[in-house]
Amino acid sequence: MTIAKKLYNNNYTDHYTTIKMLLGSNSMEHQILVKSFLKAYEKQQADFIKENHKTISLMNIKGYLGDHFNSIDFDKYIVENNFTLSNNFLISSENRIKFYKQEEGKDICRQANENIKLIEGFSNTEKMRLVSQIFKK
Amino acid sequence: MDAINQSKIKMGLLKDLNNAINKGENYFDYLEKLLQIYSSEELQKGVKPATATSYLLVLLIAQNYKEAINKCKYYTVNIKSLKSKL
């Protein structure tokens, strides 16, 4: 039975599997080309995402990367493609990537909210003064 | 250009292409040269599965999907004509 037939019988008939299979090819040429193709594909999709989205969730990224999504090292992918919080790149569904800046930002907001709660009994002028002090910090 | 030289040039271009993609540099010059090589190989030797696969992958990297689809049709026609001769 040929490899193609085996794949067909196991329902592995998507295009991605066929391309990944070439990584196991004896030909050095095919191996280099497949690696280059996958890398170029990641970069092309990242550029497209950056051009068309201010913010994007992990699930939406999955839509762009297709089956290749599960093979990507996302920590590396984010660094390589300059996806950071300053580019408004957000992950809303999973916490698999550590966005240190996001966490830091959350802490500042949390602290500010707690301080505002503390001053709820104060007059408006006092509140404004305290709030301005908080944001000066 | 003899076959050994062409093969050496091709491997050099492939490695340069891979490096350029990894570093995020412009790689279209390498792609163009590789496409020329594969095109001439195909003309010289006819449709071979290994060359056809590489040719298609280079077209996909170049995002030349229209040409890649045309090539696929061309290869299918070739396979059919070969089968009919058997």
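Residues numbered from 1 in each chain as written. Chains lettered and ligands numbered in written order. Predicted model: local features only at pLDDT ≥ 70, side-chain atom pairs only at ≥ 80, totals over all residues. Heavy atoms only, no water.

Let's talk about the overall build of chain A
So, point 1. Counting secondary structure elements, chain A contains seven helices and zero strands.
So, point 2. For chain A, the N- to C-terminal ordering of α and β elements is α-α-α-α-α-α-α.
So, point 3. Counting all 137 residues of chain A, 33% fall into the buried class.
So, point 4. Partitioning the intrachain contacts of chain A with sequence separation of at least 6 by distance along the chain shows that 39% fall at a separation of at least 24.
So, point 5. When the accessible area of chain A is evaluated, it comes to approximately 9600 Å², of which 53% is carbon and sulfur surface. (Helix = DSSP H or I, 4+ residues; strand = E, 2+ residues; numbered from the N terminus. Buried < 20%, exposed > 50% of the residue type's maximum accessible area, 1.4 Å probe, protein only. Contact = heavy atoms within 4.5 Å. Areas by Shrake-Rupley, 256 points an atom, 1.4 Å probe, with all protein chains shown as cover.)

A look at the environment of Ser 36 of chain A
So, point 1. Relative to the assigned elements, Ser 36 of chain A resides in helix α3 (residues 28-52).
So, point 2. Not counting residues within four places of it along the chain, the set of residues in contact with Ser 36 of chain A comprises Leu 17, Asn 18, Ile 21 and Ile 61 of chain B.

Considerations on the nonpolar core
So, point 1. Ranked by size, the top nonpolar core spans 28 residues in total, and within it Leu 33 of chain A together with Leu 17, Tyr 27, Leu 34, Tyr 38 and Ile 61 of chain B carry the most contacts.
So, point 2. Looking at which element gives the most residues to this core, the answer is helix α3 (residues 49-61) of chain B, with seven residues.
So, point 3. Aside from chain neighbours lying at most four places away, what touches Leu 34 of chain B is Lys 10, Leu 13, Leu 14, Leu 17 and Val 58 of chain B.
So, point 4. In this structure, Ala 46, Leu 58, Ile 72 and Ile 78 of chain A belong to the second largest nonpolar core, which totals twelve residues. (Core = buried A, V, L, I, M, F, W, Y, C linked by side-chain atoms within 4.5 Å.)

Structural notes on the interface of chain B and chain A
So, point 1. Contacts between chain B and chain A engage 20 residues on the former and 14 residues on the latter.
So, point 2. Between chain B and chain A, a total of about 1500 Å² is buried, with carbon and sulfur atoms accounting for 71% of that surface.
So, point 3. Broken down residue by residue, the surface that chain B buries against chain A is led by Ile 21, Leu 57 and Ile 61 of chain B, which jointly contribute 31%.
So, point 4. At the boundary of chain B and chain A, one finds one salt bridge. (Buried area = accessible area lost by both parts, 1.4 Å probe. Salt bridge = Lys/Arg side-chain N within 4 Å of Asp/Glu carboxyl O.)

Some remarks on the side chain of Ser 54 of chain B
So, point 1. Residue placement: Ser 54 of chain B occurs in helix α3.
So, point 2. Beyond its immediate chain neighbours, meaning those up to four positions away, Ser 54 of chain B contacts Glu 29, His 30 and Leu 33 of chain A together with Tyr 38 of chain B.

A look at the confidence of the model for chain B
When pLDDT is low, close inspection of the predicted coordinates is not appropriate.
All names here are of chain B.
So, point 1. Per-chain confidence: chain B averages 86 in pLDDT, with 97% of residues scoring 70 or above.
So, point 2. Per-element averaging of pLDDT across chain B places helix α4 (residues 65-85) at the bottom with 81 and helix α2 (residues 28-45) at the top with 90.
So, point 3. Interface scoring of the predicted complex returns ipTM 0.85; its pTM is 0.65. (pLDDT = per-residue confidence, 0-100.)

Some points on the environment of Thr 51 of chain B
Residue and element names in this part refer to chain B.
So, point 1. Here Thr 51 lies in helix α3.
So, point 2. Separated by twelve residues in the primary sequence, Thr 51 and Ser 39 have C-alpha atoms spaced 9.1 Å apart.
So, point 3. Apart from the residues within four sequence positions on either side, Thr 51 is in contact with Tyr 38 and Glu 41.

A word on helix α4 (residues 58-65) of chain A
Residue and element names in this part refer to chain A.
So, point 1. Of the residues making up α4, those classed as buried are Leu 58, Ile 61 and Leu 65. The arc enclosing the buried residues of α4, seen along the axis, measures out at 55°, which places them on a common side.
So, point 2. Within two residues after α4, Gly 66 carries a phi angle of roughly 60°, on the positive side. (Arc of directions from axis to C-beta.)

Points about the pattern of salt bridges
So, point 1. Counted by the stated rule, this structure contains four salt bridges over all chains.
So, point 2. Between Lys 39 of chain A and Glu 80 of chain A there is a salt bridge, with the nearest N and O atoms lying 3.0 Å from each other. Of this pair, Lys 39 of chain A sits in helix α3 while Glu 80 of chain A sits in helix α5 (residues 74-80), and the two are 41 residues apart along the sequence.
So, point 3. You can call Lys 39 of chain A buried: its relative accessible area is 16%.
So, point 4. Salt-bridge contacts for Lys 10 of chain B lead to Glu 41 of chain B; the nearest nitrogen and oxygen are separated by 2.8 Å.

A few points about the packing of helix α1 (residues 3-23) of chain B against α2 of chain B
Residues and elements named next belong to chain B.
So, point 1. Contact geometry of α1 with α2 gives a least axis separation of 9 Å together with a crossing angle of 150°. Our pair here, α1 against α2, has a crossing hand that is left-handed. Across from Gln 6, Ile 9, Lys 10, Leu 13, Leu 14, Asp 16, Leu 17 and Ala 20 in α1, the residues of α2 making contact are Tyr 30, Leu 31, Lys 33, Leu 34, Ile 37, Tyr 38, Ser 40 and Glu 41.
So, point 2. For the contact of α1 with α2, a count of residues per class yields ten nonpolar, two polar and four charged. (Axes fitted to C-alpha atoms, helices over the stretch in contact; angles between N-to-C directions. Left-handed = near helix turned anticlockwise from the far one by under 90°. Nonpolar A, V, L, I, M, F, W, Y, C, P; charged D, E, K, R; others polar.)

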